[in-house]
Amino acid sequence: LYHHYGIHLKNCVCLQLAEIAVRRQPRPNLHGYVNGGRKIILAYGDLDSVELQEYVDIERKGKQLIFPDQGGSYDNLTRRPLDTVAAQYSALTTSYLVPV
């Protein structure tokens, strides 16, 4: 964020490094190296079937809206008001990381 916008972060935790620090036992689909947010949420989030389906659906719609290789555009994150799907996708990881 600093490089792009000049934002200095304080009191932030790197989820990837925290996950390595607390990893006590092997989890399915996790490897011995740094894992991304999606894998961490799926491994530690204890999502029930409804939450898992909601996560997968929002993730799929968000990627289709935002990522050029899936037919979207990064510009969809800069338009205001923010598209509902873009807002849901942006909040997705955060909302499921709280319990983790």
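Described below are features of the structure shown in this document. Treat the numbers as computed from the prediction; the structure is a model and nothing was measured.

Brief notes about the overall build of the chain
Item 1. Along its length, the chain carries 5 helices and 0 strands.
Item 2. Each of the 100 residues in the chain was classed as buried or not, and the buried ones make up 20%.
Item 3. Long-range pairs, those at least 24 residues apart, make up 30% of the contacts in the chain with a sequence separation of at least 6.
Item 4. Accessible surface computed for the chain: about 7600 Å², of which carbon and sulfur atoms make up 54%.

Focus: the packing of helix α2 (residues 15-22) against helix α3 (residues 37-44)
Item 1. Where α2 contacts α3, the axes come no closer than 10 Å and their chain directions differ by 40 degrees. Taken as axis vectors, α2 and α3 run oblique relative to one another. Helix-helix and strand crossings are classified by hand; for α2 and α3 the assignment is left-handed. Of the residues in α3, those touching α2 at Leu 15, Gln 16 and Glu 19 are Gly 37, Ile 40 and Tyr 44.

So, the packing of aromatic side chains
Item 1. Evaluation of the coordinates by the stated rule reveals 2 aromatic pairs.
Item 2. Centre to centre, the rings of Phe 67 and Tyr 74 are 6.1 Å apart; their planes meet at 85 degrees, and the pair counts as edge-to-face.
Item 3. With a relative accessible area of 25%, Phe 67 lands in the partly exposed category.
Item 4. When the ring of Phe 67 is compared with that of Tyr 89, the centres are 6.3 Å apart and the planes differ by 85 degrees; the resulting orientation is edge-to-face. Linking Phe 67 in the loop between α4 (49-66) and α5 (84-97) with Tyr 89 in helix α5, this pair joins segments that are 22 residues apart in sequence.
Item 5. The structure contains a cluster of three or more aromatic residues connected by ring pairs, namely Phe 67, Tyr 74 and Tyr 89.

Examining unusual backbone geometry
Item 1. Here the amide bond leading from Arg 80 into Pro 81 is cis, since omega sits at 0 degrees, within 30 degrees of zero.
Item 2. Here Pro 81 lies in the loop between α4 and α5.
Item 3. Although it is not a glycine, Asp 46 adopts a positive phi angle of roughly 50 degrees.
Item 4. For Asp 46, a relative accessible area of 67% puts it in the exposed group.

Description of a nonpolar patch on the surface
Item 1. On the surface, Leu 1, Tyr 5, Ile 7 and Leu 9 cluster together into a nonpolar patch covering about 460 Å² of accessible area.
Item 2. Mapped onto the fold, Leu 1 is located in the segment before α1 (2-5).

A short note on the side chain of Asn 76
Item 1. Relative to the elements of secondary structure, Asn 76 occurs in the loop between α4 and α5.
Item 2. Since its relative accessible area comes to 15%, Asn 76 is described here as buried.
Item 3. In contact with Asn 76, other than residues within four places in its own chain, are Leu 65, Leu 82 and Ala 86.

The rules behind the values
Residues numbered from 1 in each chain as written. Predicted model: local features only at pLDDT ≥ 70, side-chain atom pairs only at ≥ 80, totals over all residues. Heavy atoms only, no water. Helix = DSSP H or I, 4+ residues; strand = E, 2+ residues; numbered from the N terminus. Buried < 20%, exposed > 50% of the residue type's maximum accessible area, 1.4 Å probe, protein only. Contact = heavy atoms within 4.5 Å. Areas by Shrake-Rupley, 256 points an atom, 1.4 Å probe, with all protein chains shown as cover. Axes fitted to C-alpha atoms, helices over the stretch in contact; angles between N-to-C directions. Parallel < 35°, antiparallel > 145°, perpendicular 65-115°, else oblique. Left-handed = near helix turned anticlockwise from the far one by under 90°. Phe/Tyr/Trp six-rings, centres within 6.5 Å; stacked < 30°, edge-to-face > 60°. Patch = residues over 30% accessible without salt bridge, like charges linked within 9 Å, V, L, I, M, F, W, Y side chains within 5 Å. Salt bridge = Lys/Arg side-chain N within 4 Å of Asp/Glu carboxyl O.

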